[in-house]
Amino acid sequence: MSKIPGFDPAPLTAIDMHVHVSIDSTGRTASPPALTEALAKYFKSDEKPRDVDATAAYYRERQMGAVVFTVDATTNLDHAPNSVDEIVEGAARNADVLIPFGSVDPLQGEAAVDEARRQAEIGVRGFKFHPTVQAFDPSDPAYTPLFAAIEELGLPIIVHTGQTGAGAQLPGGFGFRLGLSNPMLLDDVAARHPELQIVMAHPSVPWQDEQLSVATHKGNVWIELSGWSAKYFAPSLVRAARTYLNAKTLFGSDLPALTPDRWLKDFDALELPDAARQAIVKDNAVRLLGLN
């Protein structure tokens, strides 16, 4: 990938790889109100949804960069998300701190492939997927054309793995199936698409060992640590992040569910060596995203 005009990583202290922009200028939110309210209650978060410009101001104040996105689960939720185009346009206005990712609904078949190509043309730098919320099995060959198109575009994907706060504690979990976010399903995707850079979002509870195994075996798979305080990281994850997977581990907060301030405070309590910490909070993202 080429550098992003206006984005200079040098003065930034960190790059947050997982930031939700979940509202647009029309007031449309990423998910239906009942789901949005339940998620905030689950995380005990009083953070309100921010539009793209408010998100930029938040990160500029902290001298951080941020990868921003929404999630298109139109088919499964019967709810169109906030505008990807607005996120791209807003990131261009705030190119000193924001990096836009796109999102397409995999259940829309060929239309999803066409939409991924369109979003790439307008400037997204990758794509976000949430198999549980979008109700698709990423290992199913039916989605090979979509992942092949993104691989051809040379863009990375961030894919939710593990347990999710979406639908948590609601009857039936809002109909969401946790098994669709087992990281082993991404092992198939990584094997079929060796040039596709795959970021497994979050510690993959309850499949932490599976996540570490896939990231260790597949050279095109990364781990991103958003959505969990470091106080709750498994010892095996901390050891991997400190040592053998340090070069493939990324900082993410999951704002608004978890703030970068809280995440970094708890992460620093792990007392990783300075070089290992710097790799995770910034340098690995610079390399993955081609920001040098």
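See the structure shown above.
Conventions used here
- Residues numbered from 1 in each chain as written.
- Predicted model: local features only at pLDDT ≥ 70, side-chain atom pairs only at ≥ 80, totals over all residues.
- Heavy atoms only, no water.
- Helix = DSSP H or I, 4+ residues; strand = E, 2+ residues; numbered from the N terminus.
- Expected span 1.5 Å × (residues − 1).
- Bend = angle between axes of the 7 residues up to and from the residue.
- Buried < 20%, exposed > 50% of the residue type's maximum accessible area, 1.4 Å probe, protein only.
- Contact = heavy atoms within 4.5 Å.
- Axes fitted to C-alpha atoms, helices over the stretch in contact; angles between N-to-C directions.
- Parallel < 35°, antiparallel > 145°, perpendicular 65-115°, else oblique.
- Left-handed = near helix turned anticlockwise from the far one by under 90°.
- Nonpolar A, V, L, I, M, F, W, Y, C, P; charged D, E, K, R; others polar.
- Pairing = 2+ DSSP bridges.

(A) Region of the structure containing helix 12 (residues 274-288). A rise of 1.5 Å per residue sets the reference length of helix 12, with its 15 residues, at 21 Å; its end C-alpha atoms lie 20 Å apart and thus fit the reference within 8%. In helix 12, a bend of some 55° at Ile 280 exceeds every other bend along the element. Turning to helix 12, its buried residues number three or more, namely Ala 276, Ala 279, Ile 280, Val 281, Lys 282, Asn 284, Ala 285, Val 286 and Leu 288. Residues of helix 12 that are buried in the fold lie against strand 1 (14-20), strand 6 (198-201), strand 7 (221-224), helix 10 (235-242), strand 8 (249-250) and helix 11 (260-268). Once helix 12 ends, the next one or two residues include Gly 290, with phi positive near 65°.

(B) Summary view of the packing of helix 11 against helix 12. Orientation of helix 11 relative to helix 12, taken along the N-to-C sense of each, is 160°, at an axis distance of 12 Å. By the angle between their axes, helix 11 is roughly antiparallel relative to helix 12. Here the hand of the crossing between helix 11 and helix 12 comes out right-handed. Side by side, helix 11 and helix 12 meet where Leu 264, Phe 267 and Asp 268 of the first sit next to Arg 277, Ile 280 and Val 281 of the second. Residues belonging to the contact of helix 11 with helix 12 are distributed by class as follows: 4 nonpolar, no polar and 2 charged.

(C) Seen up close, the sheet that holds strand 5 (residues 157-160). The 5 strands are arranged 4-5-6-7-8 in an open sheet whose pairing can be described as parallel. Across the chains shown, the open sheet's two edge strands, defined by having one partner strand only, are strand 4 (127-129) and strand 8. As judged from the 4 bridges shared by strand 5 and strand 6, these two strands associate in the parallel manner. Along strand 6, the bridge assignment pairs Ile 158 with Val 199. Each of strand 6 and strand 7 touches helix 9 (residues 208-217); the most contacted strand, strand 7, lies at about 140° to it.

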